[in-house]
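The residues making up each chain are set out below.
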Amino acid sequence: MGQSAGLLKLGAIDMGIQWSLWAVASYYQTEKFYDLAGSSTFALLSVLSLKSLNPALLTPRQKVQTCMVLAWAARLGSFLFHRVMHAGLDSRFDKVKANPSKFLLYWTVQGLWVYITLFPTLLLNRDSRGPPIGLRDYLGWSLWLTGFLLEAFADYQKSR
């Protein structure tokens, strides 16, 4: 399968997940699993993008990048899911969850957000070639770790 076809397939999986879960959420008029669906889709697409390569050919960069996406998705998804379950609702959806077409727009935008923001990782995971790990990698990973810790700390403060 070519690169473009693989990327299109992942986009179709992404939107298929979002629209399928929208149907369930719309039927029950609930937003409780919206954020969990988004973060789970990040994780799934990341893993699926790696599955297209021979495991023996995976580069350290691909493994680290995908693990960072998985860690971020798990942390953010669990935080947001816990928050909505504790609060009982997410006020962003108060005016739209009873209107299926407006609610669909939220789920569609989430699917686009997942795909667009994950696109660099999807591209990285399509090819087993690349330069050796270098200073830019370590700087990028350090920046990611800083952002991850700041986001986690900010969420901790918001939840108090």
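For the structure itself, consult the block above.
Okay, so let's go over this structure.

A look at the nonpolar core
Soluble, globular proteins show a tendency: their nonpolar side chains are buried together.
Step number 1: Ranked by size, the top nonpolar core spans 15 residues in total, and within it Phe42, Leu45, Trp72, Leu118 and Leu122 carry the most contacts.
Step number 2: Within the residue set of this core, elements represented by two or more residues are helix 1 (3-28), helix 2 (34-51), helix 3 (60-87) and helix 4 (100-124).
Step number 3: A total of 6 residues in this core trace back to one element, the largest contributor, which is helix 3.
Step number 4: Leave out the neighbours within four places in its chain, and Trp72 touches Phe42, Gly77, Trp113, Trp144, Phe148 and Glu151.

Focus on helix 2
Step number 1: Helix length check: helix 2, at 18 residues, gives a terminal C-alpha distance of 26 Å against a target of 26 Å (1.5 Å per residue), a fit within 8%.
Step number 2: For helix 2, the complete set of buried residues consists of Tyr34, Asp35, Ala37, Gly38, Ser39, Thr41, Phe42, Leu45, Ser46, Ser49 and Leu50.

Observations regarding unusual backbone geometry
Step number 1: A positive phi angle is found at Gln29, which is not glycine, with a value near 50 degrees.
Step number 2: For Gln29, the position within the fold is in the loop between helix 1 and helix 2.

Notes on the packing of helix 2 against helix 4
Step number 1: Across the interface, helix 2 lies against helix 4 with an axial gap of 10 Å and an inter-helix angle of 30 degrees. Crossing geometry of helix 2 relative to helix 4 is assigned as right-handed. Here Tyr34, Asp35, Ala37, Gly38, Thr41, Phe42, Leu45, Ser46 and Ser49 of helix 2 lie close against helix 4, whose contacting residues are Tyr106, Trp107, Gln110, Trp113, Val114, Thr117, Leu118 and Leu122.
Step number 2: Taken together, the residues of the contact of helix 2 with helix 4 sort by class into 10 nonpolar, 6 polar and 1 charged.

With respect to the packing of helix 3 against helix 4
Step number 1: At a minimum axis separation of 9 Å, helix 3 and helix 4 run at an interaxial angle of 155 degrees. Comparing their axes, helix 4 and helix 3 come out roughly antiparallel. Residues Arg61, Gln62, Gln65, Thr66, Val69 and Trp72 of helix 3 form the contact with helix 4, whose own contacting residues are Trp113, Leu118, Thr121 and Leu124.

Some points on the side chain of Lys97
Step number 1: Summarising the element assignment, Lys97 is placed in the loop between helix 3 and helix 4.
Step number 2: Overall, Lys97 belongs to the buried group, its relative accessible area being 18%.
Step number 3: For Lys97, the contacting residues outside a window of four places in its chain are Gln29, Thr30, Glu31 and Phe103.

Focus on the pattern of salt bridges
Step number 1: Applying the stated rule across the entire model yields 8 salt bridges.
Step number 2: Here Glu151 makes a salt bridge to Arg75, at a shortest N to O gap of 2.7 Å. Taken as a pair, Glu151 in helix 5 (residues 135-159) and Arg75 in helix 3 lie far apart in primary sequence, 76 residues in all.
Step number 3: Arg75 serves as the salt-bridge partner of Asp155, at 2.8 Å between the closest nitrogen and oxygen.

Definitions and cut-offs
- Residues numbered from 1 in each chain as written.
- Predicted model: local features only at pLDDT ≥ 70, side-chain atom pairs only at ≥ 80, totals over all residues.
- Heavy atoms only, no water.
- Core = buried A, V, L, I, M, F, W, Y, C linked by side-chain atoms within 4.5 Å.
- Buried < 20%, exposed > 50% of the residue type's maximum accessible area, 1.4 Å probe, protein only.
- Helix = DSSP H or I, 4+ residues; strand = E, 2+ residues; numbered from the N terminus.
- Contact = heavy atoms within 4.5 Å.
- Expected span 1.5 Å × (residues − 1).
- Axes fitted to C-alpha atoms, helices over the stretch in contact; angles between N-to-C directions.
- Left-handed = near helix turned anticlockwise from the far one by under 90°.
- Nonpolar A, V, L, I, M, F, W, Y, C, P; charged D, E, K, R; others polar.
- Parallel < 35°, antiparallel > 145°, perpendicular 65-115°, else oblique.
- Salt bridge = Lys/Arg side-chain N within 4 Å of Asp/Glu carboxyl O.

Shape is all these values report; function is a separate question.
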